[in-house]
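The lines below spell out each chain.
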Amino acid sequence: MVVRTLLLQLAGSHWLEVYARNNRLSRRLARRFVAGDSLEEATEPIRQLNAQKIAVSLDFLGESVADAGEVEAAECVALQMLQHIRREQLDANISVKLTALGLDFDEQLCRATLGRILTAAGSDGFVRIDMEDSSHTQRTLDTCMAMWNGTPAQHNVGVVIQAYLYRSEEDVKALLKAGVRVRLCKGAYKEQATVAFRHKHEVDANYLRLAGMLLDSGLYHGFATHDPAMIAGVQRYAAEHSIKPEAYEFQMLYGIRRDLQTALVAEGYRMRVYVPFGTHWYPYFMRRMAERPANLWFVLRNMAR
Ligand code: FDA
């Protein structure tokens, strides 16, 4: 718990980010979780996943931008990703973070930009809005609903719900009422006890409670987890309620539990892997370290060599 808290704090350190990005060894280590610096570099890993019947959600790494120029650049990359997916016929959708589209300093700009990305994705595309820390939850959900209920209504958008937040049950109810597709995850940020469950057993119990609500809805949702107990819980609930494996998908992160990814596909389950790329990998990399401090020992061992 102490190591996790420390790593999540360091994820926000600008100084460490500059150091890590300029360090050859840390760049190499980050490659375990990041598919490449550019879209071109990420393409081969995506093809390899698709060849194993694994779909992808492609993410351009970047968050918390501070001016309109950076938002324009992020939009440009999102549009390139959509074009690239079509041109290369990849089995992929895209994920976006709203702070990369200006949520923190201009909500109207953020909504207008997301609207254009959804229009470009079209009815055969899908855009998943990642969920960031709890100071962004309400604004992220509001933005998603503004797209959903907008003119024209854009229904090729979905959002993420974090099982560690107390509020998530109410949020799931509201999203299901509207018909929005959800990715359910445990949650990756440092949160206070006033807003989030502190203990793993509580987060896990809430994950399974929310998973049951999502499965009952009849909509196509994603269950993002590497936890065998959560996967088994989703499978058990679905089997007990005669919900077919095609009615939902499991999702995992690039580079994590590849054995489990292929095993689930072999058993007939749908699998999507979240594939990040780009040079701004440091906060994402640190969150992956925090999830499993054993990864940190792997990094330190390599640095000591
Ligand atoms: P848990 O953390 O309990 O881990 C269970 C087991 O999984 C571990 O024992 C280990 O074997 C393995 N494992 C987990 N993390 C690992 C790692 N980093 N390295 C190696 N092994 C690891 N969060 C968020 O706040 N907003 C979001 O939008 C998203 N989006 C998202 C998309 C997808 C596709 C996934 C899979 C995850 C996210 N997350 C996220 C992250 C999520 O909230 C959570 O932090 C991680 O998935 C870890 O939680 P698990 O459910 O895997 O369980």
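What you see is a predicted model, and the numbers here were worked out from it, not measured in a lab. (Residues numbered from 1 in each chain as written. Predicted model: local features only at pLDDT ≥ 70, side-chain atom pairs only at ≥ 80, totals over all residues. Heavy atoms only, no water.)

Caption draft 1: View of the site of the ligand. Lining the immediate environment of the ligand, one finds 24 residues, of which Lys 186, Gly 187, Thr 225, His 226 and Glu 291 sit closest. The contact in question runs from a nitrogen atom of the ligand to an N or O atom on the backbone of Met 131, over 2.8 Å. The side chain of Gln 162 places a nitrogen or oxygen atom 2.8 Å from an oxygen atom of the ligand. When residues of the shell around the ligand are traced back to their parent elements, those giving at least two are β4 (157-162), β5 (181-185), β7 (248-253) and α12 (282-291). Counting residues per element, the shell around the ligand draws most heavily on β7, at 3 residues. In terms of residue class, the shell around the ligand is made up of 10 nonpolar, 6 polar and 8 charged. (Near = heavy atom within 4 Å. Polar contact = N/O pair within 3.5 Å; in protein donor to acceptor, adjacent residues only side chain to side chain. Helix = DSSP H or I, 4+ residues; strand = E, 2+ residues; numbered from the N terminus. Nonpolar A, V, L, I, M, F, W, Y, C, P; charged D, E, K, R; others polar.)

Caption draft 2: Geometry of the sheet that holds β5. Ordered in space as β1-β2-β3-β4-β5-β6-β7-β8, the 8 strands form a closed barrel in which the pairing is parallel. Between one strand axis and the next, the sheet turns by 30 degrees as a mean value, whatever way the strands run. Sheet analysis places β4 next to β5, joined by 5 bridges and oriented parallel. Each bridged residue has a counterpart across the sheet, and for Gly 158 the counterpart in β5 is Arg 181. Contacting β2 (92-96), β3 (127-129) and β4, helix α6 (residues 107-121) crosses the sheet at an angle of about 150 degrees to β3. (Pairing = 2+ DSSP bridges. Axes fitted to C-alpha atoms, helices over the stretch in contact; angles between N-to-C directions. Contact = heavy atoms within 4.5 Å.)

Caption draft 3: Structural detail: the environment of Gly 122. In this structure, Gly 122 sits in the loop between α6 and β3. Those residues within four positions of Gly 122 in sequence are excluded, and the remaining contacts are Arg 86 and Asn 156.

Caption draft 4: Layout of the pairing of β2. For β2, a buried count of 5 out of 5 residues is recorded, marking the element as mostly surrounded by other parts of the structure. Taking every second residue as pointing to the same face, both faces of β2 are buried, with Ala 92, Ile 94 and Val 96 on one and Asn 93 and Ser 95 on the other. Across 4 bridges, strand β1 (residues 55-60) lies against β2 in parallel orientation. Paired with Asp 59 across the bridge in β2 is Ser 95. Running through helix α5 (residues 68-87), the crossover from β1 to the neighbouring parallel element β2 is right-handed. Relative to β3, β2 runs parallel, the two being bridged by 3 bridges. Paired with Val 96 across the two strands is Ile 129, which belongs to β3. In terms of handedness, the path from β2 via α6 over to β3 forms a crossover that is right-handed. (Buried < 20%, exposed > 50% of the residue type's maximum accessible area, 1.4 Å probe, protein only. Right-handed = clockwise from strand over helix to strand, strands pointing away.)

Caption draft 5: Quick look at the pattern of salt bridges. For the structure shown, the criterion picks out 19 salt bridges. Of the charged contacts, one joins Arg 111 and Glu 107 as a salt bridge, the two residues approaching to 3.9 Å between their closest N and O atoms. Pair noted here: Arg 111 and Glu 107 are both in helix α6, with a separation of 4 residues, about one helical turn. Exposure remark for Arg 111: the relative accessible area of 24% places this residue in the partly exposed category. We note a salt bridge from Arg 272 to Glu 249, for which the minimum N-O separation is 2.7 Å. Residue Arg 272 is located in strand β8 (residues 271-277), and its partner Glu 249 is located in strand β7; the two are separated by 23 residues in the primary sequence. (Salt bridge = Lys/Arg side-chain N within 4 Å of Asp/Glu carboxyl O.)

Caption draft 6: Quick peek at the environment of Val 172. Tracing the chain through its elements places Val 172 in helix α8 (residues 168-178). Between the C-alpha atoms of Val 172 and Leu 210, which are 38 residues apart in sequence, the distance is 7.4 Å. Beyond its immediate sequence surroundings of up to four residues, Val 172 is in contact with Ile 161, Leu 210, Met 213 and Leu 214.

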